[in-house]
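# Tertiary structure, described
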Amino acid sequence: MTATTATSATAVAVPKHRLRDRLPVVHQLRQSVGLQRGMLVAGLVITGLFILTAIFAPLLAPYGFAQLRGEDGAFGSQQAPSAEHPFGTTVGGYDVLSRVIWGAQTALLVIIVAVIASIIAGVLLGLVSGYFGGWFDRVLVVVCDAIYAFPSLLLAIALSIMISGGQSSLWGGILAAALSITVVFIPQYFRVIRAETVRIKAEAYVESAKVLGASNGRIMFRHVLRNATRTLPLIFTLNSSEAILTLAGLGFLGFGIEPTAAAEWGYDLNKALSDVTSGIWWTSLYPGLAIVLAVLGITLVGESLNDLADPRLRGRRRVAQAAGQVAETSVVPGGTLSAGPGGLDGLETGESFDEHGIEVKR
């Protein structure tokens, strides 16, 4: 092997990505460009603040979510923002700042319970239905299509009344919202996993596993499931924002969580309706702003991931990267190829080169 050939082989070798570069968030950040990167970063920052606020709510909140008195006595009703209460107090005498912070914890619990339950049920049903097919597959498809006819909020109200009679405790309200969201979200995960399973089970490696005697369970969970869940993070983020809105809708309509059981942004907005006409703006502004920011952050992340999963975008980036690699790794007499064997200067002066790269004078 000549020195030139060895240099070429070394130059065109594709470097291996480090482990941290293959992590989900880091990988998407490296893949994103321009406005997409800005949207993804903004969404991650807002979502990160929401999650941290929910986790450290007991440390961040100055008071409890149902606390009415401090060291100096009762807080008072509809008190304007002050040093003691930066966001003021509600008509019920609760500290608005504390209610907003504790409400993030309630919203995060609903997201965790609802989305995880819908993922488990939807993925299992879609995997079994798409792999085996037959009458079971047809029945599930019809049932999932029928579920779309039920409005999610109406279903949430019905389940809330069935579970706790409309007077929800902390876990009663969370389960009421989570179960309604789970039932609505299952068809989405079912459709995605079923479609991927139908496609993947016809691949050659699945047929090879069958020939080698692998059981159906091993093929489904070891070969098919691993390759059918690539789009789940996209659906997860978009459904998380819808879960927050459903919980807030339940609370706003009076079917949410009682204020003595947990803080909930929708309930606080409901109680602040009469304050708005009286010029008391702080009781509704901050809970509403919390809902908007939480939903906005999660939606920005989901939309950015959806754009980055577009194969047309990956194709454009791949072409640009390949063009840069060719320019950097081309080995010709005289150095790197930029505009021709002689560079821009050679083209501008009218010089030309033969097939061996030797300059020919005119």
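For the structure, see preceding data.
Now for a quick tour of the structure. (Residues numbered from 1 in each chain as written. Predicted model: local features only at pLDDT ≥ 70, side-chain atom pairs only at ≥ 80, totals over all residues. Heavy atoms only, no water.)

### Observations regarding the overall build of the protein chain
- Within the protein chain, the regular secondary structure consists of 16 helices and four strands.
- Counting the 362 residues in the protein chain, one finds 37% classified as buried.
- When the accessible area of the protein chain is evaluated, it comes to approximately 19900 Å², of which 66% is carbon and sulfur surface. (Helix = DSSP H or I, 4+ residues; strand = E, 2+ residues; numbered from the N terminus. Buried < 20%, exposed > 50% of the residue type's maximum accessible area, 1.4 Å probe, protein only. Areas by Shrake-Rupley, 256 points an atom, 1.4 Å probe, with all protein chains shown as cover.)

### Thoughts on the side chain of N239
- By the element assignment, N239 lies in helix 11 (residues 232–252).
- Every residue in contact with N239, bar those within four places of it in the chain, is listed here: F185, Q188 and Y189. (Contact = heavy atoms within 4.5 Å.)

### Details of the packing of helix 6 (residues 134–147) against helix 8 (residues 170–200)
- Direction vectors running N to C along helix 6 and helix 8 enclose 135 degrees, while the axes themselves pass 9 Å from each other. Relative to helix 8, helix 6 is oriented oblique. Helix 8 is crossed by helix 6, and the crossing has left-handed handedness. Judged by residue contacts, D137, L140, V141, C144, D145 and I147 of helix 6 engage V183, V184, P187, F190, R191 and R194 from helix 8.
- Looking at the contact of helix 6 with helix 8 residue by residue, the class counts come to eight nonpolar, no polar and four charged. (Axes fitted to C-alpha atoms, helices over the stretch in contact; angles between N-to-C directions. Parallel < 35°, antiparallel > 145°, perpendicular 65-115°, else oblique. Left-handed = near helix turned anticlockwise from the far one by under 90°. Nonpolar A, V, L, I, M, F, W, Y, C, P; charged D, E, K, R; others polar.)

### Remarks on the packing of aromatic side chains
- For the structure shown, the criterion picks out eight aromatic pairs.
- Measuring from centroid to centroid gives 3.8 Å for F87 and Y286, while their planes differ by 5 degrees, and the two rings are stacked. A residue pair is termed long-range when its members are at least 10 positions apart, and F87 in the loop between strand 2 (73–74) and helix 5 (96–132) and Y286 in helix 14 (residues 282–308) qualify at 199 residues.
- Accessibility expressed as a relative area gives 22% for F87, which makes it partly exposed.
- Taken together, a centroid distance of 6.2 Å and an interplanar angle of 50 degrees make the contact between W281 and Y286 tilted.
- According to the relative accessible area criterion, W281 is partly exposed, its value standing at 44%.
- On the basis of relative accessibility, which here comes to 18%, the residue Y286 falls in the buried class.
- Aromatic rings pair up to connect F87, W281, W282 and Y286 into one cluster.
- Above the face of the Y94 ring, R99 is positioned so that its terminal group lies 5.2 Å from the ring centre. (Phe/Tyr/Trp six-rings, centres within 6.5 Å; stacked < 30°, edge-to-face > 60°. Lys NZ or Arg CZ within 6 Å of the ring centre and 35° of its normal.)

### Details of helix 8
- Taking 1.5 Å of rise per residue, 31 residues should cover 45 Å, and helix 8 covers 42 Å from first to last C-alpha, within 8% of that figure.
- Roughly 35 degrees is the biggest bend found in helix 8, and it falls at F185, with proline P187 one to four residues downstream. (Expected span 1.5 Å × (residues − 1). Bend = angle between axes of the 7 residues up to and from the residue.)

### A word on the side chain of S129
- Among the structural elements, S129 can be located in helix 5.
- Take S129: its relative accessible area is 0%, and that puts it in the buried class.
- Those residues in contact with S129 that sit more than four places away from it in its chain are F136, D137, L140, F190 and R194.

### Considerations on the nonpolar core
- Core analysis: the largest hydrophobic core is formed by 50 residues, its most contacted members being F50, I111, I244 and W265.
- The contact partners of I244, leaving out residues within four places of it in the chain, are F50, A107, I111, W265, A294, V295 and I298. (Core = buried A, V, L, I, M, F, W, Y, C linked by side-chain atoms within 4.5 Å.)

### A look at a nonpolar patch on the surface
- Together, L125, V128, F132, W135, F136, V139 and V143 give the surface a local cluster of nonpolar side chains, amounting to about 630 Å² of exposed area.
- Counting only elements with at least two residues in the nonpolar patch, the list comes to helix 5 and helix 6.
- Ranked by residues supplied to the nonpolar patch, first place goes to helix 6 with four residues.
- Looking at where W135 falls in the secondary structure, it is placed in helix 6. (Patch = residues over 30% accessible without salt bridge, like charges linked within 9 Å, V, L, I, M, F, W, Y side chains within 5 Å. Salt bridge = Lys/Arg side-chain N within 4 Å of Asp/Glu carboxyl O.)

### A closer look at the pattern of salt bridges
- Within this structure, the stated rule accounts for five salt bridges.
- In this structure, the salt-bridge partner of R194 is D137, at a minimum N-O distance of 2.6 Å. Here the residue R194 occupies a position in helix 8, and D137 occupies one in helix 6, the gap between them amounting to 57 residues.
- Notably, a salt bridge pairs R199 with E196, separated by 2.7 Å at the nearest N-O pair. With R199 and E196 both in helix 8, this residue pair falls three residues apart, about one helical turn.
- One continuous salt-bridge network, built from bridges that share partners, spans E196, R199 and E203.

### Observations concerning unusual backbone geometry
- Positive phi, normally seen in glycine, also occurs at Q78, with a value near 55 degrees.
- Inspection of the secondary structure puts Q78 in the loop between strand 2 and helix 5.
- Looking at Q78, the relative accessible area reads 28%, which means it is partly exposed.

### Description of the environment of G217
- Counting through the fold element by element, G217 comes out in helix 10 (residues 216–228).
- For G217, a relative accessible area of 31% translates into the label partly exposed.

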